[in-house]
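In case you want the letters, here they are:
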Amino acid sequence: MGVKVSELLAKVPTGLLINGEWRDAASGETFEVENPATGETLATLASAGSDDAMAALDAACAVKDEWARTSPRERSNILRRAFDLVTERKDEFAALMTLEMGKPLAEAYGEVTYGAEYLRWFSEEAVRDYGATLPAPEGTIQMVTRRKPVGPCLLITPWNFPLAMATRKVGPAVAAGCTMVLKPAKLTPLTSQYFAQTMIEAGLPAGVLNVVSGKSASAISEPLMADSRLRKVSFTGSTPVGKTLLKAAADNVLRTSMELGGNAPFIVFEDADLDQAVEGAMGAKMRNIGEACTAANRFIVHESVADEFAKKFAAKIGELKLGNGLDEGVTCGPLIEKKALDNVTSLVDDAVEKGATALIGGKPGEGVGYFYTPTVLINVSRDARVAQEEIFGPVAPILTFSTEAEAIEIANDTEFGLASYVYTENSDRMWRLADGLEFGLMGYNAGVISNAAAPFGGVKQSGMGREGGAEGIAEYTSLQYIGVRNPYANA
Ligand code: NAP
């Protein structure tokens, strides 16, 4: 690691960012951020309450018109400078994420690249926010459509990708000309605090981005969402919290983008290249310690190749090194908190009680951190909790099927619909699966598919709206239609 931890932590602002200034909470309250690998306190931050949240919204509203009038090129340039700065600071951002979230350092570097790319992508999209012009069919008016910033936004992010979840909201909001209040997860606010400071250094004017970290999420979100000046909420997190926010959004008919939970099927057919499938499975399952909304949650494998796949997969998983993500050679870090460790432990115990066997792993790891050993479970029954709930840990349950129709039926048997993965050498089958699977994303012979240029998002209870791609900026704009009288029509 190219940075000293104490020097790095000293660079991270600990206050609330309101109208371009870092300040204490009105109440004077603070909260602590912990390293999940060691239990050590990393920093003490100001904890925003309702008054601070409202001050942040006041700041966002005060500059919203001026900011909306800035040129797309100006906003593009700020995002491009932010991309360059985040990239220059890759050592710092990577170390911060490993410290507060636990992911292995090499993966944290991967997230810096992935997260920064949203800034570059939306710096390019900022100047390409197309509208249309077309004649009304009867010819009497010319129809013009254009996009306008939706207005002040509340952005709420989860702890599992502390940089990328912020950049993929802040990037398009800046590009579209919106002002923002960002509420990071209380478990991993340091990356967002440092990112916000980086945005200021990139030239973002005061009040455009306000950051209110805090120990009570609802104390921040409730007054904001009750204020009719707020026009949008973009949320990434769990489905139950997403539902609460959707209900609150109804009162002021807020625009909403919801990136919620997943229960991804990873389907391996009898004609798949099994080595390629195992490699894809490692990425789809073990990336981010299994704590990803796109993580493969159920391995659905044809009965004729299930044994071979399980053995090869378990052998690869056996090569993982569990430990503090900052340590050399560690490829699997701790879970985020004690509650997460208890949940993964109980999911595996429940599966074993219902007949599953752990080929490898199957128990918590050693040490003071929240470690769980990378695990492969075979003979998992469909009614085991591990097959129904989001695992969010390094546990791979394997279920079997005998026909293509059965594979699709098992895969769709969930209220979630975010990511899915299909391994087969038969491209006709790939298209049948694309038709049959009820998921917003599908990886075909590919285990990691997130990309700033792709429209990311789910169906069913995995959410609504898309982040990234050409679609990402549209989430932060309202389409306006202008009908222009054409006096020469039909003349
Ligand atoms: P979470 O508990 O729902 O928290 C997400 C964010 O919402 C945090 O900032 C949290 O603040 C805040 N929050 C919690 N309760 C709230 C409330 N009542 N009102 C307003 N905000 C509230 O989820 P998580 O455990 O951080 O993240 C894991 C979940 O996120 C998983 O389900 C995962 O699948 C999902 N996820 C989805 C995507 C996607 O793109 N679809 C991407 C990543 C993660 P506090 O930290 O203060 O509690």
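Computed from a predicted model, the values in this text were never measured in an experiment.

A closer look at the sheet that holds strand β13 (residues 296-302)
Here's step 1: What the seven strands build is an open sheet, ordered β14-β15-β16-β13-β12-β17-β18; its pairing is mixed. Either end of the sheet is taken by a strand with one partner, and the two such strands are β14 (357-360) and β18 (441-444). In this sheet, neighbouring strand axes are inclined to one another by 25° on average, regardless of whether the strands run parallel or antiparallel.
Here's step 2: As paired strands, strand β15 (residues 375-378) and strand β16 (residues 395-401) are joined by three bridges and run parallel to one another. When the bridges of β16 are listed, Val-376 appears paired with Ala-396.
Here's step 3: Along the sheet face, helix α12 (residues 306-318) touches β12 (264-268), β13, β14, β15 and β16 and points at about 55° away from the line of β14.

Some words on the site of the ligand
Here's step 1: Neighbouring residues of the ligand: 28 residues in total, closest Thr-157, Arg-168, Ser-238, Leu-260 and Glu-390.
Here's step 2: Ser-238 places a polar side-chain atom, nitrogen or oxygen, 2.6 Å from an oxygen atom of the ligand.
Here's step 3: In the environment of the ligand, an oxygen atom lies 3.5 Å from a nitrogen or oxygen atom belonging to the side chain of Glu-259.
Here's step 4: In the complex, the protein chains occlude 86% of the 900 Å² of accessible area that the ligand would expose alone.
Here's step 5: Taken together, the elements giving at least two residues each to the shell around the ligand come down to α7 (164-176), α9 (217-226), β10 (232-236) and α10 (239-251).
Here's step 6: Taken together, the residues that form the shell around the ligand break down as 15 nonpolar, eight polar and five charged.

Quick word on the domain arrangement of the protein chain
Accessible area lost upon the coming together of the parts is a frequently used measure of interface size.
Here's step 1: Here the domain parsing of the protein chain yields domain 1 (5-261 + 458-480) and domain 2 (264-413 + 419-444).
Here's step 2: Its C-alpha centre places domain 1 at a distance of 31 Å from the equivalent point of domain 2.
Here's step 3: Listed per partner, the contact involves 24 residues of domain 1 and 28 residues of domain 2.
Here's step 4: Together domain 1 and domain 2 conceal approximately 2,100 Å² of surface at their shared face, both sides included; 61% is due to carbon and sulfur atoms.
Here's step 5: Counting every contact that joins domain 1 to domain 2 gives one salt bridge.
Here's step 6: Between Lys-460 and Glu-438 there is a salt bridge, with the nearest N and O atoms lying 3.1 Å from each other.
Here's step 7: Where domain 1 packs against domain 2, one counts nine residue pairs in polar contact (both at pLDDT 80 or more).
Here's step 8: Elements that contribute at least two residues to the side of domain 1 that touches domain 2 include exactly α5 (90-101) and α6 (105-125).
Here's step 9: Considered class by class, the residues forming the side of domain 1 that touches domain 2 number eleven nonpolar, seven polar and six charged.

So, the UniProt feature "active site" (unreviewed entry) in the protein chain
Here's step 1: If you check UniProt for "active site" (unreviewed entry), the listed places come out as Glu-259 in our numbering.
Here's step 2: For Glu-259, the location among the structural elements is in strand β11 (residues 255-259).

A few points about α7
Here's step 1: Over its 13 residues, α7 runs 18 Å from end to end, which matches the ideal 18 Å to within 8%, given 1.5 Å per residue.
Here's step 2: The element α7 is extensively covered by neighbouring structure, given that 13 of its 13 residues are classed as buried.
Here's step 3: Looking one or two places after α7, you find Gly-177, whose phi comes out positive at around 95°.

Overview of the side chain of Thr-256
Here's step 1: Among the structural elements, Thr-256 can be located in strand β11.
Here's step 2: Residue Thr-256 is classed as buried on the basis of its relative accessible area, which comes to 18%.
Here's step 3: Excluding residues within four positions of it along the chain, Thr-256 makes contact with Lys-232, Val-233, Leu-246, Ala-249, Met-464 and Glu-475.

Considerations on the UniProt feature "domain: Aldehyde dehydrogenase" (unreviewed entry) in the protein chain
Here's step 1: Feature annotation in UniProt assigns "domain: Aldehyde dehydrogenase" (unreviewed entry) to the following positions: residues 22-481.
Here's step 2: End-to-end, the C-alpha atoms of residues 22-481 are 40 Å apart, and along that stretch the chain is 40% helix and 20% strand.

Looking at the pattern of salt bridges
Here's step 1: Inspection of the entire model under this criterion finds 26 salt bridges.
Here's step 2: A salt bridge links Glu-117 to Arg-120, with the shortest nitrogen-to-oxygen separation between them at 3.0 Å. Here Glu-117 and its partner Arg-120 are both found in helix α6, three residues apart, which amounts to about one turn of the helix.
Here's step 3: Look at Glu-117 and you get partly exposed, because its relative accessible area is 24%.
Here's step 4: Classification of Arg-120 as partly exposed rests on a relative accessible area of 27%.
Here's step 5: In this structure, the salt-bridge partner of Glu-409 is Arg-382, at a minimum N-O distance of 3.1 Å. Of the two residues, Glu-409 is situated in helix α15 (residues 404-412) and Arg-382 in the loop between β15 and α14 (385-388); the sequence distance between them amounts to 27 residues.

Cut-off values and rules
- Residues numbered from 1 in each chain as written.
- Predicted model: local features only at pLDDT ≥ 70, side-chain atom pairs only at ≥ 80, totals over all residues.
- Heavy atoms only, no water.
- Pairing = 2+ DSSP bridges.
- Helix = DSSP H or I, 4+ residues; strand = E, 2+ residues; numbered from the N terminus.
- Axes fitted to C-alpha atoms, helices over the stretch in contact; angles between N-to-C directions.
- Contact = heavy atoms within 4.5 Å.
- Near = heavy atom within 4 Å.
- Polar contact = N/O pair within 3.5 Å; in protein donor to acceptor, adjacent residues only side chain to side chain.
- Areas by Shrake-Rupley, 256 points an atom, 1.4 Å probe, with all protein chains shown as cover.
- Nonpolar A, V, L, I, M, F, W, Y, C, P; charged D, E, K, R; others polar.
- Domains from an automatic or database assignment.
- Buried area = accessible area lost by both parts, 1.4 Å probe.
- Salt bridge = Lys/Arg side-chain N within 4 Å of Asp/Glu carboxyl O.
- UniProt positions renumbered as here; feature names shortened; annotations may be inferred.
- Expected span 1.5 Å × (residues − 1).
- Buried < 20%, exposed > 50% of the residue type's maximum accessible area, 1.4 Å probe, protein only.

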